[in-house]
Amino acid sequence: MNESVITTNKLTKQFGDFIAANELSFEVNKGEIFGFLGANGAGKTTAMRMLCGLLVPSSGTATVAGYDVYKHREKIKQNIGYMSQKFSLYEDLTVSENIKFYAGIYGLSDSLIKEKSEQLIHQLDLRKEENQLVSSLPLGWRQKLAFSVAVIHDPKIVFLDEPTGGVDPVTRRQFWDLIYDAAHRGITVFVTTHYMDEAEYCNRISIMVDGVIEALDTPANLKKNYSSKSMDEVFRQLARNAKRSE
Amino acid sequence: MRTIRFLLQKEFRQIFRNKTLLRAILFAPLMQLMLLPWAANYEVKNIALAVVDNDHSIESQRLISKIYSSGYFILKAFPADYSHAYNLIEEDKADIILEIPSHFERNLVRDGKQKLYIAANAINGTKALVGTNYLGGIIAEYNSTVRMVWLEPGKMNPQPTVEIVSSNWYNPLMNYKIFMVPGILVLLVTMVGSMMCAMNIVKEKEIGTIEQINVTPISKIHFILGKLIPFWILGMIVFTMGLILARVVYGIIPLGNILLVYTFLSVYLIAILGLGLLISTYSSTQQQAMSVSFFFIMIFNLLSGLFTPIESMPGWAQVIASLNPVTYFIEVMRMVVLKGSSFHNISHHLGVILIFALIFNAWAILNYRKTS
């Protein structure tokens, strides 16, 4: 169980004088749901983008799915899924066209694409909307679809950058069911969020303040260590001292 | 190859689903090709002429009707004196004043000579110059008629005259449209190619889907080919439709081998799409891409030899024109379509455009980053 799929050691990203992510060192284990918390501007997205191969680190080391973030970015990309806070599906394509496109560019065979999209449309209950443009779907549905598309090629790790922003609580709950489902299939989930109730769903969480990881543990341990009743309190205690904000 | 297939499928679906854009790509250029050549014409016509006729004789009437029948002038007014005529120029109602002095006929008959006065509003220099030239020509002709009729042939010393007989090759009727249509078609294809390609990629940046593409294993080359091929095909279609229109509406049938034009076009489109691609790598919003493309399009238009001959441009402008891919295609079009030139004649142009294609695309590929 303790096989790690992400390992970072003093991973740093500097933009000019500004240190967005400062000497991050952590490990994420296989099959884990790893929550990545922090106030706006704390450096979460920067850290995630380095791990996805979208951003070259300034210093430090990191491996993702066994590949080095400096040397093997393209290898990493074959083994991860990614869903950003920006909407990542093509709104002018239909539900099934989006599924087939992303499945296709990840190199799935025609028969597998067919099988997967059947399965996905069934699971998300989108049979009626299958041939509708994505732009006509409500936001919550789109986000669920975007997540399912991000894991359609069964990646080792999926990175989710504030996936449930602006989504209603019921749909958020359904979204987390999808996340659990993916974790059961052995996909490691690396997720950033602002919602403290979602933090409770994670196996382990790290809390970033001003580019530094201030705390990293299971939700239960964190609450105990900071003698708080909820994650919300833990977060407030840590984020109170933050100097950066937007 | 499979990746390309999926990329092309996606791209064509998006293009054909966006009806407004599709109309802009396919039909707007044809509309322009239908309208512009009729208007983009150098012939100076409808020159407003004010005639101050102080003589009111048969001869002055004969001169005026000769001017009118030339078809280039509109007899705007017959003011009583020069100052009235000058007012017409000030009010922009007349372009040229012709003053016929009193006793025009008498002096002409008695002394055998008479002066006329022409004044032109030279704000529009071309109109003034061409107008006075026409007028001068008509008066000279009138002059020689007068000589023929009045002078007794025996008394007249036979004057040696040099008469010029010219024939206009390749465009015998000096039809301006025939000269303009191939050039305008080149411009339209250029605009469709570079702008549409740039805008398309930048749109993906704006929506954020490009980030999604960047975390997939799609290689740079595949992504770029996925963008280039659809617009290359569209460019070919637009050009073909334009050629058909040029034939139907303007009766322009290419004299040379049409395959030669298409060979050149296929390389040219790669160059122009490469430029669009390059612009997209430097822009992060559609607005930026639009402004930058517009900058290039304006230079392409005015420094391409489409409207004004490159040979008469100042040296620095000639240098820019020689770095302008549009220049080469317009030349090739005029050579092959109007003159019937062969491969040998355009091989230099093809070579230059090939270099453009390589530079633009290599630069764009280098500058396109999946990782920042």
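Higher on the page you've got the structure.
The rules we used
Residues numbered from 1 in each chain as written. Chains lettered and ligands numbered in written order. Predicted model: local features only at pLDDT ≥ 70, side-chain atom pairs only at ≥ 80, totals over all residues. Heavy atoms only, no water. Helix = DSSP H or I, 4+ residues; strand = E, 2+ residues; numbered from the N terminus. Buried < 20%, exposed > 50% of the residue type's maximum accessible area, 1.4 Å probe, protein only. Contact = heavy atoms within 4.5 Å. Areas by Shrake-Rupley, 256 points an atom, 1.4 Å probe, with all protein chains shown as cover. Lys, Arg positive; Asp, Glu negative; His and termini not counted. Charge placed at Lys NZ, Arg CZ, Asp CG, Glu CD. Expected span 1.5 Å × (residues − 1). Arc of directions from axis to C-beta. Polar contact = N/O pair within 3.5 Å; in protein donor to acceptor, adjacent residues only side chain to side chain. Axes fitted to C-alpha atoms, helices over the stretch in contact; angles between N-to-C directions. Parallel < 35°, antiparallel > 145°, perpendicular 65-115°, else oblique. Left-handed = near helix turned anticlockwise from the far one by under 90°. Nonpolar A, V, L, I, M, F, W, Y, C, P; charged D, E, K, R; others polar. Buried area = accessible area lost by both parts, 1.4 Å probe. Salt bridge = Lys/Arg side-chain N within 4 Å of Asp/Glu carboxyl O. Phe/Tyr/Trp six-rings, centres within 6.5 Å; stacked < 30°, edge-to-face > 60°. Lys NZ or Arg CZ within 6 Å of the ring centre and 35° of its normal. Pairing = 2+ DSSP bridges.

Undergrad: Teacher, can you tell me more about the overall build of chain A here?
TA: Each helix and strand in chain A was counted, giving nine helices and 10 strands. Once the C-alpha set of chain A is aligned to its principal axes, its extents read approximately 50 × 40 × 35 Å. When each of the 246 residues of chain A is scored for burial, the buried share is 55%. Sequence-distant contacts, at least 24 apart, represent 68% of the contacts inside chain A between residues at least 6 apart. On chain A, roughly 10700 Å² of surface is accessible, and the fraction owed to carbon and sulfur atoms is 48%. Placing the 29 positive and 31 negative side-chain charges of chain A at their respective mean positions leaves the two points 3 Å apart.

Undergrad: Can you walk me through helix α4 (residues 110–123) of chain A in this structure?
TA: The α-helix advances 3.6 residues per turn, and as a result positions three or four apart in sequence lie on the same side. Over its 14 residues, α4(A) extends 20 Å from the first C-alpha to the last, a length consistent with the 20 Å expected when each residue adds 1.5 Å. Within α4(A), the full set of buried residues consists of A:Ile113, A:Lys116, A:Ser117, A:Leu120 and A:Ile121. Viewed along the axis of α4(A), the buried residues span an arc of 125°, placing them on a single side of the element. Of the exposed residues in α4(A), those oriented more than 90 degrees away from the buried face are A:Ser111, A:Lys114 and A:His122. Looking at the buried side of α4(A), the elements it contacts are α3 (95–105) and α5 (139–150) of chain A together with α1 (2–17) of chain B. Of the residues flanking the end of α4(A), it is A:Asp125, one or two places downstream, whose phi is positive at about 60°.

Undergrad: Honestly, unusual backbone geometry in this entry has me stumped. Any pointers?
TA: A negative phi angle is the norm for most residues apart from glycine, just as the trans form is the norm for most peptide bonds. With a phi close to 50°, A:Asp210 is a non-glycine residue in the positive phi region. Looking at where A:Asp210 falls in the secondary structure, it is placed in the loop between β9 (204–209) and β10 (212–217). Phi at B:His103 is positive, roughly 65°, even though this residue is not glycine. Structurally, B:His103 can be placed in the loop between β3 (96–100) and α5 (104–111).

Undergrad: Would you explain the side chain of A:Arg204 in this entry?
TA: All names here are of chain A. Along the chain, Arg-204 falls in strand β9. A polar contact is formed between the side chain of Arg-204 and the side chain of Glu-32, at a distance of 2.4 Å. Once you skip the residues sitting within four places of it in the chain, Arg-204 turns out to touch Glu-27, Val-28, Asn-29, Glu-32, Ile-33, Phe-34, Gly-35, Leu-216, Asp-217, Thr-218 and Pro-219.

Undergrad: Before we go on, may I ask you to explain the packing of α3(A) against α1(B) in this structure?
TA: Any two packed helices are characterised by the angle at which their axes cross and by the distance between the axes. Two numbers describe how α3(A) lies on α1(B): the axes approach to 8 Å, and their chain directions differ by 155°. It follows from the interaxial angle that α3(A) and α1(B) lie roughly antiparallel. Here the hand of the crossing between α3(A) and α1(B) comes out left-handed. Here α3(A) contributes A:Glu97, A:Lys100, A:Phe101, A:Gly104 and A:Ile105 to the contact with α1(B), which in turn contributes B:Thr3, B:Phe6, B:Leu7, B:Lys10, B:Arg13 and B:Arg17. Of the residues in the contact of α3(A) with α1(B), the class split is four nonpolar, two polar and five charged.

Undergrad: What should I look at first to understand helix α4 (residues 82–90) of chain B in this one?
TA: All names here are of chain B. When we look at burial in α4, the residues that qualify are Ala-85, Leu-88 and Ile-89. For α4, the angular spread of the buried residues around the axis is 100°, confining them to a single face. For α4, the secondary structure elements touched by its buried residues are β1 (47–53), β2 (73–77), β3 and β4 (117–120). Of the residues trailing α4, Asp-92 is marked for its positive phi of about 65°.

Undergrad: Before we go on, may I ask you to explain the interface of chain A and chain B in this structure?
TA: The extent of an interface is frequently quoted as the accessible surface area lost upon association of the parts. Between chain A and chain B, the contact holds 33 residues from the first and 27 residues from the second. When chain A packs against chain B, close to 2600 Å² is buried across both sides, 54% of that on carbon and sulfur atoms. Interface area lost by chain A to chain B is led by A:Leu54, A:Tyr90 and A:Ile105, which between them contribute 22%. Summed over the shared surface of chain A and chain B, the number is six salt bridges. One salt bridge in this structure joins A:Asp110 and B:Arg5, with 3.4 Å as the shortest N-O distance. Our count for the contact surface shared by chain A and chain B stands at 13 residue pairs in polar contact (both at pLDDT 80 or more).

Undergrad: What exactly am I supposed to notice about the packing of aromatic side chains here?
TA: Tallied over the full model, the rule gives 28 aromatic pairs over all chains. Plain terms: the ring middles of B:Phe296 and B:Phe300 are 6.2 Å apart, the flat faces sit at 45° to each other, and that makes the pair tilted. Taken as a pair, B:Phe296 and B:Phe300 lie in helix α11 (residues 286–302) at a separation of four residues, close to a single helical turn. Judged by its relative accessible area of 28%, B:Phe296 falls in the partly exposed class. Put simply, the rings of A:Phe26, A:Phe34, A:Phe36, A:Phe159 and A:Phe190 pair up and form one aromatic cluster. Over the face of the ring belonging to A:Tyr195 we find A:Arg172, whose NZ or CZ atom lies 3.7 Å from the ring centre. Across the ring face of B:Phe6, the terminal group of B:Arg5 is positioned such that the distance to the ring centre comes to 4.8 Å.

Undergrad: What's the story with the pairing of strand β3 (residues 33–38) of chain A in this structure? I'm lost.
TA: Here is the key point about a regular strand: its side chains alternate between the two faces of the sheet. All names here are of chain A. With six of six residues buried, β3 lies mostly within the body of the structure. Side-chain alternation along β3 places Ile-33, Gly-35 and Leu-37 on one buried face and Phe-34, Phe-36 and Gly-38 on a second face that is also buried. Bridge analysis of β3 against strand β8 (residues 188–193) gives five bridges, and the strand direction is parallel. Bridge pairing links Ile-33 to Val-189 in β8. In this structure, β3 lies alongside β9, joined through five bridges in parallel fashion. Bridge pairing in β9 places Gly-38 opposite Met-208.

Undergrad: Looking at this model, I keep getting lost on the sheet that holds strand β4 (residues 59–64) of chain A. Mind explaining?
TA: Sheet strands pair via backbone hydrogen bonds, and the direction of the pair is either parallel or antiparallel. All names here are of chain A. In spatial order, the strands read β2-β1-β4-β5; together these four strands make up an open sheet with antiparallel pairing. Since the sheet does not close on itself, it has two edges, and those belong to β2 (18–29) and β5 (67–68), each with one partner. Pairing between β4 and β5: two bridges, direction antiparallel. Across the sheet, the residue bridging to Thr-63 is Asp-68, located in β5. The sheet strands contacting helix α1 (residues 44–51) are β1 (4–15), β2 and β4, and the helix crosses β1 at an angle near 120°.

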